[in-house]
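Working through the structure, step by step
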Amino acid sequence: EENLLTQEGVVTEEQYKAVHEVIIKKLQNELPVHLTYHSAQHTLNVLEAAEHLVEAEKIPASEQWLLLTAVLFHDTGFLKSYKNHEEHSCEIAREILPGFKYSSQAIDRICKLIMATKLPQAPTSHLEQVICDADLYYLGSANFFRDSENLFKEFLAEEIVTNREEWNMKELVFLNTHQ
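Since we're looking at a predicted model, the values are computed, not measured. (Residues numbered from 1 in each chain as written. Predicted model: local features only at pLDDT ≥ 70, side-chain atom pairs only at ≥ 80, totals over all residues. Heavy atoms only, no water.)

What follows deals with the overall build of the chain. Scanning the chain from N- to C-terminus turns up 9 helices and 0 strands. Secondary structure of the chain in N-to-C order comes out as α-α-α-α-α-α-α-α-α. By the compact-globule yardstick of 16 Å for 179 residues, the chain fits well, its C-alpha radius of gyration being 16 Å. Within the chain, the fraction of its 179 residues that count as buried is 45%. For the chain, the proportion of contacts with a sequence separation of at least 24, taken over those separated by at least 6, is 63%. Accessible surface computed for the chain: about 9700 Å², of which carbon and sulfur atoms make up 53%. Between the averaged position of the 15 positive side-chain charges in the chain and that of its 29 negative side-chain charges there is a distance of 3 Å. (Helix = DSSP H or I, 4+ residues; strand = E, 2+ residues; numbered from the N terminus. Rg over C-alpha atoms; globule rule 2.2 N^0.38 Å. Buried < 20%, exposed > 50% of the residue type's maximum accessible area, 1.4 Å probe, protein only. Contact = heavy atoms within 4.5 Å. Areas by Shrake-Rupley, 256 points an atom, 1.4 Å probe, with all protein chains shown as cover. Lys, Arg positive; Asp, Glu negative; His and termini not counted. Charge placed at Lys NZ, Arg CZ, Asp CG, Glu CD.)

This is the structure:
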């Protein structure tokens, strides 16, 4: 019966817990140190936000583990490249998840959720809205200034901005257009 559920794209808590440990360790050990925002801690923060939203939004258990797996993998692409990291996150998910008995249907759904986090976000389903909100949850939190400063440092290191003034303008545009 469990194999039938897995084949239909349902993810179990056991599958999620097994892959969670592996991915968090991988992020902690292998992400470049200059990623001061997109760190293992960011993934843990997004997971915490997603767990809160799962409860608040009354996401059924049948969808919860799928969503949390997508959150777990959403920034693993930074292990390969800063540019197009969402696509790389999907590649990594497709490499790793079959080893944890995730069905191809579940992996396809996980990748669709990961791709929904690409900026500018344009979620088309409830679960996509939830992962997008979890990913940017810090915007409405007490951690906004700390996390924003970490993102500024990361953008400097990646040469996405060259100074604080350029960052402030980029951040202002982002905040004014975010929904």
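Within the element layout of this structure, Gly9 appears in the loop between α1 (2–7) and α2 (13–30). Relative accessible area serves as the criterion here: at 2%, Gly9 is assigned to the buried category. In this structure, the C-alpha to C-alpha distance between Gly9 and Gly140, residues 131 residues apart in sequence, is 33 Å. Those residues in contact with Gly9 that sit more than four places away from it in its chain are Leu66, Ser103, Gln105, Ala106 and Arg109.

Turning our attention to the packing of helix α6 (residues 104–116) against helix α7 (residues 126–135). It is at 8 Å that the axes of α6 and α7 come closest, and there the two elements cross at 50°. On the basis of the axis angle, α6 is oblique to α7. Judged by the sense of rotation from one axis to the other, the crossing of α6 with α7 is right-handed. Contact residues: Arg109, Lys112, Leu113 and Ala116 in α6; Leu127, Glu128, Ile131 and Cys132 in α7. Grouping the amino acids of the contact of α6 with α7 by side-chain chemistry returns 5 nonpolar, no polar and 3 charged. (Axes fitted to C-alpha atoms, helices over the stretch in contact; angles between N-to-C directions. Parallel < 35°, antiparallel > 145°, perpendicular 65-115°, else oblique. Left-handed = near helix turned anticlockwise from the far one by under 90°. Nonpolar A, V, L, I, M, F, W, Y, C, P; charged D, E, K, R; others polar.)

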